[in-house]
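The residues making up each chain are set out below.
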Amino acid sequence: MAQYDLSKTLIPYLDRHLSFPLLAHLGETGLFPAEEVTVAQYELAKGTNMFDYAKGLFEGIYPGETVPAEFDQKRTNAVSTNERLQQEAQAVLDVIENPDVAQALRQDKNQNLQYLKDNYNLTLDQITALYNFGQFQYSYGNYTGAADYLYHFRVLSTDAELNTSAHWGKLASDILTGRWDVALEELNTLRDAIDTRSAPSLLGSTAAQAQGAVLDPALGQLHSRTWVVHWSLFVYFNHPQGRTLLLETFLSPTYLNTIQTSCPWVLRYLAAAAILSRKAAAGLTTPATPLSPRVRHAIREIVKVIQTEEYQYSDPVTEFLRELYVEFDFERAQKALSEAVDGVLANDFFLGEFKDEFLDCARFLVSEAYVRIHGRVDIENLSERLNLSQEEGEKWIVNLIRESRMGADAKIDLEKNVIDINRPPQPVYQTVIEKTRQLAVRTQALGVAIGRPPQQAQQQQQKPDQAQEVLVN
Amino acid sequence: MSSEDEAPAKPSTTAKPAMSRFLRTAGSDSSSSDSDEDSEEDSDADNGDDAESNASNEEDKPQIRILSAVAKRLNEMEATGKVMENALKINDWMAISNEFDKLVRMIQRQHNLSEPIPAFYVRTLVTLETSVNTTLQKEKEAKKKMNASNAKALTAMKQKVKKAVKDNETEVKKYQEDPEAFEREYLNLIARDSTPAAASGPRVAAVGATDDVDEFTTVGKGGKIQQYTSESIFKDLQAVQEARGKKNTDRAEQIRILEILVDVAATSYQRIRVLLALISSRFDYNSSVSTHMPPELWLSAQREVDQLVSIVAADSNYSIQEMTEDYDELVERSPATEKGIVRIRGSIISFIDRLDDEFTRSLQNIDPHGTEYVDRLKDEKVLYCTICRAQAFYEKTSQSDPLGRVIMRRLEHIYSKPDAVVQALEAAVDTSDVKPLTTLTAQGSTSALVHALCVYLYKSGNSLLRTRAMLSHIYHHALQNDFHTARDMLLMSHLQESIHSADVATQILYNRTVVQLGLCAFRSGLIKEAQATLQEIFTTQRVKELLAQGVHQQRFQVMTPEQEKAEKQRQLPFHMHINTELLEAAFLVSSMLVEIPLLASIESEEQKRKVISKPFRRLLDFADRQVFTGPPESTRDHIMQASKALQDGEWEKCRDLIQSIKIWSLMPEAASVKEMLAKRIQEQGLRTYLFTYAPHYSTLSLSLLSRTFSLPLKTVTSLVSKMIWNEELSASLDQSGGVIVFQRIELSRSQQLAQVIADKVAAMVDQNEKALDIKMGGTGGWGERNDGNKNEKRGEQIQERRGRGERTRGARGGARGRGARFSQGLGNQMNSHTGGQRGQ
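None of the values given here were measured: they were computed from a predicted structure. (Residues numbered from 1 in each chain as written. Chains lettered and ligands numbered in written order. Predicted model: local features only at pLDDT ≥ 70, side-chain atom pairs only at ≥ 80, totals over all residues.)

## What to know about the overall build of chain A
What counts here: Each helix is a run of DSSP H or I of at least 4 residues and each strand a run of E of at least 2, with the numbering of both proceeding from the N terminus. The burial label depends on the number of other C-beta atoms within 10 Å of a residue's C-beta. Counts of 20 or more mean buried, 12 or fewer mean exposed, and intermediate counts mean partly exposed, with C-beta atoms placed from the backbone.
Scanning chain A from N- to C-terminus turns up 27 helices and three strands. Counting across all 473 residues of chain A, residues that qualify as buried make up 37%.

Shown next as structure tokens:
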């Protein structure tokens, strides 16, 4: 099943440190020989300041050989650098942690800088020390500390480029420490920063990203977005609400384009997320927040994308959706599903945990489609499609009927062992009502908009219901 | 071109023209010189032929010829001088003025050939000057002795003489100092200078008093060649160059001289210089007379460019540049004298450009159905070789700007060709001694070759080249049936937004690319995409014009000759054409496959207005209106009858009709395309059938459908399922019975009307909102509906990519807009273009 493993494609878009969990996971799945994975880990660790870790790996790979002396030397170096940087950073930190200062700080960064300079003799260079120390801490694996320092730096600094870099660094630290809420917040701000700014400075100095010399802004933005897409996978597949948010983000035109252009393999995660959130979308569980139409129609959207990108990328997960919604070939969809669950999800770093849920949701999708197309369904047949035994199938179907709102329309005929689905067509008057429902409100909004002077109208992004209120007043 | 020049070329004819000239001089008037020139030009045209047929004559009596030619000229001058003297005596300034003009003209000719100015002229000048002055003096003293016109002529004369004296200041001075010595010097000069400029040498020598006899014994046919030695090469070259572009220069003769000079040239420097001059004069040869360069001339030009490139490529000490510092044209230069690289003024790239353009022009003007065209086309191979050699040369010397241009030229020769042709062209390159870095053998496949060339151009800074390279690359991908790559590249290039502001040639290339993309989609069986892509260009109804494959006859507008000419120059040579009939067949067939099921699926008249393909619908309506239909003849007939058969559910008849269209044979892989079409017809036939006849069934067995449309049961199920899922068909499958159960509700009249009115009211609100949007200024105005518009541009395109289903509503507007832009763009360009021309 190694052909469906995406680690190799993903890692180039990840930070060195973010790749460790992926590699560790690979070691566990046993898709690749353990030694190779360890060697890969060692090669990665060699480039960081995590000497003890690298040393351990080295000993693991070459038992009996002496550890190269450069490690110790580097280690002492690192320790001294650490001390030096810490001292520099501490000076700033002392000032900032002073409650007086904390109160005096305002929204305006320039003003803050001026204030710090006047009162505490803090210059920009000193503040940069925070950044340096944060980055150094990150490099030897102290992610919590790194996140703190980078946060403080970002609050104070005005240097756009370093700020972006700090952004990335903080996001990575948060991901690695597993604080998903914070990471999610961080991710959103970072995304905003990327979307609003089109400067090439977005290509922060984070890790290997600074490879390109002078790239044009659009390309730079595409790069950053690609990176965001990959990094966000960590957050979205660990945060409780992540899947819905993932759909929300990835299905927005800009990110969908990014995925289509530079990383079609992310479609797997997009498809999986869509399947996973299907139940929520169907309104079976009651979500706290109303879902945007984008999420509700996620599957339809994704199927289209999968179709267009088929020539570039396909794996069992996307194949499943395609067979189900394009070809309507339930047999093949069934096959693709089992392959997807056993071959792909079980071994996937991000999706592994959602294996059962995925299977459940996928079955739901299959039966939904099946029932909608067929007027009379043979339970045996359906169970087969769902890869369940007859008895299990029956239970499943009963649950399905109970959970979904088909209850009124579907009846099980035990004698013949079939489900009868009787879906009466929507009455005409209902469609007419549906069509005209919005019209009054919209017209009122129009009236209000005409009444206002044009400039004001442009400033206010008016929602119809607001307009209504105005009218009532 | 003067009599002197002409003489060696057609000796036998000299007697007559010379005679006539004599006559003319004897009783001449001032206008004679004009007609003189005309007649000479005419005689030039047949010059070539004359020269050969008269070669033998030349050998027979060179003496007579030479004597007469030279004497004639001098006699002429002297005669003029005599007339002037006479007129001077009777104080007739009008006559003097006329005669002087004539004399000046003759001297001018003399000057053109860089022969020394005869002493006689100088003498005349000096005497004239004194007499003018004295006369003027007299005039002042004795008033009103002259009539008005005479006085006028006198003052005019004064000016002329002044000018002439000024022009020949040094000679006049010398003469005034010592007339005797001056005349002696002149005689010496012409006597000594036995190898002066061009062909005049022997003749002057003949006039020179010294060793007439010796001279003539050595001068023969061989003797003439001997005169061009490598020592005097620069002088000869300069003479030719000075004569270039002047009214009466014999171009054929110049080319001949230069050809000889090439053989004579000893050093690389000399050869480069002569070749540069030779190639330019070859291109000069026929600017006005014919539409294109004669192939022979072109071929020799091509060989010489090759030679030039080889010389420069072999010896890096010489470099040909458009901008150089001034250097003395008459001095031999070598790396040693220049201390490093010898820079020579000239431009290989412009030669290559010209060579290529001339080739295209000749193809445009040769009848494409004759053998001549094919013969001419064979020359593409050598041309391609030349281009590749030039590329190699520029690669070696790393001159990025001309390299880009030359690579573009190369790309243009291969991007639209099938593999076999490219292989043939590349094979020729492989045999040449100078090879560019990118060859077919190095790259492996044509696609890789095109890719390598394009990548270079993408990196170059020139945006026009980049655009063209991009389009050629897409075209090539499409030609290779790589639809997805081609489509993605086209969409990502964002060219469709900016193409209307590009130049006409690029727009044509864009149109070609789009059309080829459509054909590619059709070949790959992507019917919807093919239809959508070809739609744009077919709605304009000016397919031929947009592809530059024929001039569109505008009904209400008469084109000016300039427009017509410009239009003609843009036309593509025949072998590059995309067959429009094939194109139309592909478009109509794909329209049929999209449109017929759609037509069947809609019930009310209201919905019928939703048209995907207007041209198709128009044809179909027209076909419907005909009372009798005969057996199909044209491609259109076939498709129309096939459409009707499809509507009636007779898919087999439809298939047979479509497959019997002859034009498919022009499509590569015709058999597989036909097969694909048959399959599509089966599927769409099934859909049409279901749409059309669903109201008449309550249940329908799947196996029956499967049998009727000879499709596997699974495909039928899949198709029906899809229709049910998309709510195109209100039915459900009954698995146990293997049937489709239709659920149909008959709407009562009032229900139907209620639905219609609901739709209309909704449409009205939409309209109102749109109107308000416009009034409020653009999309950012009010309400929340702007997110749709604000999507990034690629978003829109993706929608486009997603195919038809979703865009039925927006697409029509969009397509229309784009179609308009298509035609608009071209139209605008044309106007501004011709306007510019007129301005010039």
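Don't stop here, the text continues.
## A short note on helix α23 (residues 400-414) of chain B
Along an α-helix, residues three or four apart share an orientation, since each turn contains 3.6 residues. All names here are of chain B. Let me state the cut-off plainly: By definition here, a helix of n residues has an expected span of 1.5 Å times n minus one. A pair of residues counts as a contact when their C-beta atoms, built from backbone coordinates, are within 7 Å of each other.
With 15 residues, α23 should reach 21 Å at 1.5 Å per residue; the first-to-last C-alpha distance of 21 Å fits that figure. Burial within α23 is extensive, with 12 of its 15 residues counted as buried. All of the buried residues in α23 are P402, L403, G404, R405, V406, I407, M408, R409, R410, L411, H413 and I414. Close packing links the buried residues of α23 with α20 (348-365), α22 (380-397), α24 (419-431), α26 (446-459) and α27 (463-479).

## Quick look at the sheet that holds strand β4 (residues 731-734) of chain B
Inclusion rule: Following DSSP output, two strands are said to pair if at least two bridges run between them. Whenever a helix is involved, its axis is fitted only over the stretch in contact; in every case the axis is a line through C-alpha atoms, and angles between N-to-C directions fall within 0 to 180 degrees.
Strand order in this open sheet of six strands is β2(A)-β3(A)-β1(A)-β4(B)-β5(B)-β3(B), and the pairing throughout is mixed. Since the sheet does not close on itself, it has two edges, and those belong to β2 (410-413) of chain A together with β3 (699-701) of chain B, each with one partner. Strand-to-strand, the axes of this sheet are offset by a mean angle of 20°, without reference to chain direction. Note that β4 of chain B and strand β5 (residues 739-742) of chain B share four bridges and pair antiparallel.

## Comments concerning the nonpolar core
The criterion, for reference: Think of a nonpolar core as buried Ala, Val, Leu, Ile, Met, Phe, Trp, Tyr and Cys residues, each tied to the set through C-beta atoms within 7 Å.
Counting 244 residues, the largest nonpolar core has L270 and A271 of chain A as the members making the most contacts within it. It is helix α34 (residues 580-601) of chain B that provides the largest number of residues to this core, a total of 13 residues. Apart from the residues within four sequence positions on either side, L270 of chain A is in contact with F250, I259 and I302 of chain A.

## Remarks on the packing of helix α8 (residues 124-139) of chain A against helix α10 (residues 160-177) of chain A
All names here are of chain A. Using the following cut-off: Left-handed describes a crossing whose near helix is turned anticlockwise from the far helix by less than a right angle; the clockwise case is right-handed. By the convention adopted, Pro, Cys, Tyr, Trp, Phe, Met, Ile, Leu, Val and Ala count as nonpolar, Lys, Arg, Asp and Glu as charged, and the other residues, Gly among them, as polar.
As a packed pair, α8 and α10 sit with axes 11 Å apart at the nearest point and diverge in direction by 35°. Regarding α8 and α10, the two cross each other, and that crossing is left-handed. Of the residues in α10, those in contact with T128, Y131, G134, Q135 and Y138 of α8 are L162, A166, G169 and S173. Classifying every residue of the contact of α8 with α10 by side-chain character gives four nonpolar, five polar and no charged.

These figures capture arrangement, not role.
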